[in-house]
Each structure stands twice: as C-alpha cells, then as structure tokens.
Amino acid sequence: MANTLALSTRLATARLRDPKGTGALDAFALVAYGVASWLAFVVASGTWMFFRRLEFPSAWLAAQKTGSATMPSFADMFGSTYVILALVACALLIVPILTLGGAAARLGARGRARRLASLRLIGMTSGEIVGMSVVESLVQALAGIVLGALAWVATIPALMLLSFQNQHIGAVELLMPWWLWLAVVVVLLGLAALSTAFGLTRVSISPLGVARQTTAPPLSRSRVLALLGAVVAVGVLSFVIRIPVGAMVVGAILFGVLALGIGLLNLFAPWLLQTLARMGVVTGNPARLIAMRRIVADPRAAWRNVSSIALIGIIAGAVAVVPTDGSQFQGMSEVNAMVMLDIRNGALLTLVIALLVGATSTALAQASDVVDRSDELVALDRMGVEPGVDAAARRHQVLVPLLGTLLISLTLGVLVGLPALTTKPDLFMWSTSSGIILLATVVAAVVLTLLAAEATRPLRRRAVLQQVRRND
Amino acid sequence: MNTTSVTPVTGTLSARNLVKRYGSVVALGGVTLDLQPGESVAIMGPSGSGKSTLLHCLSGILPPDEGEVTLGHLPVSQLSDAQRSRLRRDRFGFVFQDGQLIGELPARENVALPLLLDNVPRAEALRRADEWLARLGLESMVGRRPGELSGGQAQRVAIARALVHNPAVIFADEPTGALDQATGHEVMQVLTTTARSTGSTLVVVTHDVHVAHWCGRLIEIRDALVHSDTRQEA
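Residues numbered from 1 in each chain as written. Chains lettered and ligands numbered in written order. Predicted model: local features only at pLDDT ≥ 70, side-chain atom pairs only at ≥ 80, totals over all residues.

A. Seen up close, the overall build of chain B. When helices and strands are counted, chain B shows seven helices and 10 strands. On C-alpha atoms alone, chain B measures out to a radius of gyration of 17 Å, which is about the 17 Å that the 2.2 N^0.38 rule sets for 234 residues. With the C-alpha coordinates aligned to their principal axes, the bounding extent of chain B is approximately 50 × 35 × 35 Å. Counting the 234 residues in chain B, one finds 52% classified as buried. Once local pairs closer than 6 in sequence are excluded, the contacts in chain B between residues at least 24 apart make up 69%. (Helix = DSSP H or I, 4+ residues; strand = E, 2+ residues; numbered from the N terminus. Rg over C-alpha atoms; globule rule 2.2 N^0.38 Å. Buried ≥ 20, exposed ≤ 12 C-beta atoms within 10 Å, placed from the backbone. Contact = placed C-beta atoms within 7 Å.)

Structure follows, in structure tokens:
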C-alpha cells in the first residue's frame, strides 16, 4: 500500500509536467471539487437555516415586531412551507452538484486508463490500480472540499445580504452542526471514490491496453412514450388538484412533479439529442459534421454536458409563474407578499447556483475531452485543419444540446408551475416579467456555456503546439 | 474514375541546409535534398536520428531554425503558420502511424473531411470518398467507424483520406508501425501504388527496411545529417 501511495505521488508529479495538459486536468478537477463543495455547503447551510427558523421561530418572530396581527400565526402557517421549499431547492441542486463531483472524478478517464494499462503490464493488479486511482481522487476531493469550505466562509457576507421571512440571513444561522458538516464531506468524498471506481470499471484496463470502444446502440424510442405518458399524468394531476389544498400539499406535489420532470428529462433528452444530431449530420460544414457525429456517438455524454442547464430551465419555467415585480404584490396580504418575495429570491438564488454548476460542468467536460483527444487534435493540425474548426465544432457540440435542452426543460418547467397556477391563482400568475425571466435565463445559460467551452482554448493550443521531440 | 485525374500540383520539394534544434539537442544539422514529383522516398535511420523532424520540416509542420524548404517556387519555410496550415491542407496528404482518424465519423466522412474543409459540396465530397474507399477495397466499410475497423482497414481509410484531394506530396510517418508484417506490406503496396497512379510524391519515414524497399529511393539519416542517398528498385 505504501508503494502504491508513493507511486501515486510520483505519477501525479509527472502529470503536472506532461505537455499534453493532463496536469491541467488535475487543476480542473480541484476547481470542480472546490465549486461542488462550495455550492454543497451553501445549499446545506441555507436549508439548515430554515430548519433552525422552524425549530426556534421566536428568534426571528421577535425581529418582526411589526405589530401585525397576522404575524404570530405565521410560523404555524408557513414555517414548514419554507422548509419544504428549501428541501425542494436542495433536491434540485444536489443532483447537478453531485454530477459535477462525479465529472471531476471522471476527468481525462480515457487518457488515464491508457496510462494505467502500462502499470498493469508491469504487474500491478486491477485492485491496486483502482485503489491507487481512488486514493488520487480522494486527495483531490479533500483539497477541493477545503477550498470549497474556504469559499463558503468567504461567501457568508454576501449571503447575509439576502433576506428571507423579512429578516436578513444571520451568520450564526448558517453555522451547521458538526454532523451536517460531516455528512456533506462524507457524501462528497464517497461520491469521488465511487465515481472513480465506477469510471474505471467501465473502461476495461488490461495489461495490453484499453479495450476498444465500440459503437453504442441507438437509444430506444420507448423513451418518448414514457415522456408522453408522464405529460398526460401531469395534465390530469393539474386538473385533480384544483380542489383546495394546503400549502404543505402544494409543496409536496411540486416536489413530486419536479422529481418526475427531472427523471423524465434524463430519460428523454439523450434520445432527442441523438435524433436531432442525426438530422444535423447531413451537412457540408465540417465543424458541424464533427459536432453532430460526436453527439450521435455518445448522446448520454452530450446530455451530461448540459444536464445541469436543463435544471435551470425547469426552475426558470416554474419560477415564471411567480410574481417578480414588486408592484404585483400590491393587493396581497402582507404575509402572502412576503412569501412571494421569498419564493422569488429563493428561486433566483437556486437559478444562479444552477447556472454556476452548469457552466463549471461544461468547462470540465470540454477540458476532459480536449485532453482525451489531444492526439486527434495534433493530427488534424498537421493535416492543416485550422484550430477554428475544432473550436466551432465544440461550440456546436454544446449549443445544439443546450438549446434543445432549454426548449424541453422550460416547457416542462412551465408545466410544473401549472398546478400552482391553477390551485392558487391569487398568488401565482403569468406576466411580462415571466417572459423576461425565461429570456434572461436562456441568454445567461447560452453565454455562460459558450464561455465555459471557450475556457478550454488555451488547453487546445497547448495540446497542439507542444514542441516535444519525438523519438525519431 | 475521377479519383485518378491528377491536379497539376507538381514541383520539386527541396530542403537547403535545414537546421532544427530542440533546446541543446540538434535534430537536423544542415540537411539538403531534392524530392522530384512522383518520386517515392523512404527516410530511414536509427531512433533519434532526426528522420521525423525532417518530415515535419519538409511538410511545414515545424519551421526550421535555419535553411529553407521550397515546393516548386513556393518558399514553404517562409510562409506564416496559417499559410503553412493551408498548404498542408490543400497540397499535402498525411498518413500517421495509427491512422489518427476521427473516431466518431464513419469511414466515408473521414475520407471526405479534407474536401469538406475545402468547401467541396457534401454530395460531391462523399461521392469521391466512396470512390477512393472502393478503390482501396473498402466499399463495404464506408459506414463503419474507425473503432469497427481492423488496423489495416483503418490505415487504408487513412490512405484514402490522404489521397482524396490529389495532393502533390504524401507524407507517411511510420505508416505500418502499428501493424503486423503481412498487413504492413499490404498497406505499403496500396500506398505506393495509389501514390504512383496519382503522380504524388511519397515520403515515408520508417525504421523498417522491408517498408523502405517499397520506395524507389532510400535516404538514410544519421546523427542529424544525410548519411546516404541511394536509388533502388521498388
């Protein structure tokens, strides 16, 4: 074991010096673990804050001191709703955050598998290889968690500017108990270890090299039927819950429909992307051709690249029915106006976090892809293909899935918001600001994704311009 | 077939006193040679002799530190990086050791890629790619991706890609390095025959004497210099 650890250290040092940029992947992985940990801490501490406020309502009710007769009953009426909404946001964000952590663990998997094959050749067992890789990932993840925790501490002043339940967030409220800290750290480390081990078992590492990748079978059309069935179910649900129900039930329904929407999106979107890309391959544009063929070859990977963005679409679609303009609160009771304001703020915060996760995921996937394809990039460069062709191919590769995904997810998001719209028409409404939110979300998602894809340009240049002397 | 019609892109590929250094290591120490149009030339030498560096300088992949490379009257080594890229795309073809095909593209689109980059309409590019693949005995493989081809088949696809735009010069860097001997001979036969039929100059870098015997001229590089330059019967 000591030898394995020593070898891990030496290999990590060698990677940092590798001109192909595999060392840069370690830095990318560290940043990704850092971002994932930071956001995990923000989400966990935010949710914890609402739990505290539910548990100790007097502390924040004392701050209300408005003299309003409605306020004393506020905790009974809405305290649990806030916790439910916080848990919904938590559930929405936890999947993409964990996906981001998983992507960090899979960074440069193909290249790493090739290198590990040579270790198998000199006699290391498969178990030792997996163990060594898991240790490497755990070290990276741990460093990322430390960075994430520091970033979280640095973010606290900004979080304190936010206000929920008519009260600014207090630093003390965000302090999680030790067991919650431990739980977040354990989940993040466990995810890093599992993703690494799982990623390596998917690429068979034999002493003679990595098993040749075969063409994946096309995705089944039954995925469409599943989606259609679910849309009908949601429609029926919207009709059924027109009967008056409490906030708890509305929250639970929202949670269920959101979970269903995300599950269905994961099922349907890869099929749709593959179908769209198949149509797109009939082109004379080389960049578009390469991009569409990459999507056809691995639609699940294309989907993974943008799946976090899909979440944004769902949230934005659902949020669109929440009043966002202060003037729209006029006429509402004080309590309702406050709840609406909080829902808007919470949803926008969730949107911002999801956008950050999405952009980081895209940058990570693209960086990994650049390093994995460095030999191909060098070959294309030698053939005289301008770097712009690969850059354009990458733009197509992320933009087509992105726009397709936003289209589906925004539609699903609006569908998700429908039950709320129909059950509480006095609270939820469609307005011009709804359209503005949707448009701003699309623009922000596109710009951030393009920037994330462009962030790998130096890595591409480094891969192509490496001036190493071959053993000629 | 249209694939046999040769675009008039001839000209002697010349190197004059080429010097290339990697830090303190001198990879080329003043190499001078002329490669005539339609010639097939094997560049041999022990590991570290400078043969791949010579190929990279001749093809404009690397600019020499000293000396010059010309194709006909075109001063290759004085062109900008973008101009050299354009030259490689339009006038040269490349066959690499392990094919270096794009994994997601089927064989016909891999072959058509250089034409598409030159704005040849898709239908025409695919037609010419199919013709080349058929000519190399791969008509039943046009829809297969590189991962579904054997090493020899993949290398033949790479040869078709190198030839599809009728290049003046084909550069092959250890084209049989990843193949068994029988498949390597088959690939060299295809490469030399098709290059001869199109009138392209063929430059093969190899350390395998059996591969070198397929070429009409053998240049041996030792210690960064031309050690010998002999004609032979291919």
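Moving on from the model shown.
B. Up close: the pairing of strand β1 (residues 13-22) of chain B. Residues and elements named next belong to chain B. With eight bridges connecting them, β1 and strand β2 (residues 25-35) associate as antiparallel partners. Residue Leu 13 lies in a different strand from β2, and its bridge partner there is Leu 35. With antiparallel pairing between neighbouring strands as the criterion, β1 and β2 make up a hairpin whose turn holds two residues, including Gly 23 at a positive phi of roughly 65 degrees. As judged from the five bridges shared by β1 and strand β4 (residues 66-71), these two strands associate in the antiparallel manner. Of the residues in β4, the one forming a bridge with Val 19 is Glu 66. (Pairing = 2+ DSSP bridges.)

C. A look at unusual backbone geometry. Residue and element names in this part refer to chain B. At Asn 17, a residue that is not glycine, the phi angle is positive and equals roughly 50 degrees. Structurally, the position occupied by Asn 17 is in strand β1. A positive phi angle, close to 50 degrees, is found at Asn 166, a residue other than glycine. Looking at the element boundaries, Asn 166 is found in the loop between α5 (151-163) and β7 (169-173). Here Asn 166 falls in the buried class, since 20 other C-beta atoms lie within 10 Å of it.

D. Expanded view of the nonpolar core. Among the nonpolar cores identified, the biggest contains 181 residues, and Ala 32, Ala 36, Leu 39 and Ala 104 of chain A together with Ile 43 and Val 203 of chain B are the most heavily contacted of them. Taken domain by domain, the makeup of this core includes at least three residues from each of domain 1 (1-61 + 68-210) and domain 2 (219-464) of chain A. (Core = buried A, V, L, I, M, F, W, Y, C linked by C-beta atoms within 7 Å. Domains from an automatic or database assignment.)

E. The sheet that holds strand β6 (residues 92-95) of chain B, seen in detail. Residues and elements named next belong to chain B. Read from one edge of the open sheet, six strands run β6-β7-β8-β3-β9-β10, paired in mixed fashion. Sheet topology places β6 and β10 (225-231) at the edges, where each strand pairs with a single neighbour. Going across the sheet, the axis of each strand differs from the next one's by a mean of 20 degrees, ignoring polarity. Note that β7 and strand β8 (residues 201-205) share five bridges and pair parallel. The residue bridging Ala 172 from the neighbouring strand is Val 204, located in β8. (Axes fitted to C-alpha atoms, helices over the stretch in contact; angles between N-to-C directions.)

F. Structural view of the sheet that holds β2 of chain B. All names here are of chain B. The strand order across the open sheet formed by four strands is β2-β1-β4-β5, and the pairing between neighbours is antiparallel. A strand with exactly one partner marks an edge of an open sheet, and here the two such strands are β2 and β5 (74-75). Its contacts with the sheet place helix α1 (residues 51-58) against β1, β2 and β4, and it is angled at close to 125 degrees to β1.

G. α1 of chain B, seen in detail. All names here are of chain B. Buried residues dominate α1, accounting for eight of its eight residues. By the burial criterion, the buried members of α1 are Lys 51, Ser 52, Thr 53, Leu 54, Leu 55, His 56, Cys 57 and Leu 58. Once α1 ends, the next one or two residues include Gly 60, with phi positive near 80 degrees.

H. Region of the structure containing the interface of chain A and chain B. In this assembly, 24 residues from chain A lie in contact with 31 residues from chain B. Counting residues per element, the ones that place at least two in the side of chain A that touches chain B are α11 (286-297) and α14 (374-382) of chain A. Here the element with the most residues in the side of chain A that touches chain B is α11 of chain A; it accounts for six residues.

I. Examining the packing of α14 of chain A against helix α17 (residues 457-465) of chain A more closely. Residue and element names in this part refer to chain A. In contact at an axis separation of 8 Å, α14 and α17 are set at 70 degrees when each is read in the N-to-C sense. When the axes of α14 and α17 are compared, the pair comes out roughly perpendicular. Where α14 crosses over α17, the two elements pack in a sense that is right-handed. Taken together, the residues of α17 that come into contact with α14 (itself represented by Ser 374, Leu 377, Val 378 and Asp 381) are Arg 460, Ala 463 and Val 464. Across the contact of α14 with α17, the residue classes break down as four nonpolar, one polar and two charged. (Parallel < 35°, antiparallel > 145°, perpendicular 65-115°, else oblique. Left-handed = near helix turned anticlockwise from the far one by under 90°. Nonpolar A, V, L, I, M, F, W, Y, C, P; charged D, E, K, R; others polar.)

J. Representation of the environment of Leu 174 of chain A. Residues and elements named next belong to chain A. Inspection of the secondary structure assignment puts Leu 174 in helix α7 (residues 171-174). For the pair formed by Leu 174 and Met 338, sequence separation is 164 residues and the distance between their alpha carbons is 21 Å. Excluding residues that lie within four positions of it along the chain, Leu 174 makes contacts with Ser 45, Met 49, Ile 156, Leu 159 and Ile 169.

K. Just the environment of Thr 12 of chain B, in detail. Here Thr 12 of chain B is to be found in the segment before β1. Linking Thr 12 of chain B and Gly 184 of chain B, residues 172 residues apart in sequence, is a C-alpha distance of 28 Å.

L. How the structure looks around the confidence of the model for chain B. All names here are of chain B. Averaged over every residue, the pLDDT of chain B is 88; the share at 70 or more is 95%. When pLDDT is averaged over each element of chain B, strand β3 (residues 40-44) comes out on top at 95 and helix α6 (residues 181-198) at the bottom at 88. Note that residues 1-9 has pLDDT below 50 and, in this model, 17 contacts with residues that lie over four places away or in other chains. Model confidence for the complex is summarised by a pTM of 0.75, with the ipTM given as 0.83. (pLDDT = per-residue confidence, 0-100.)

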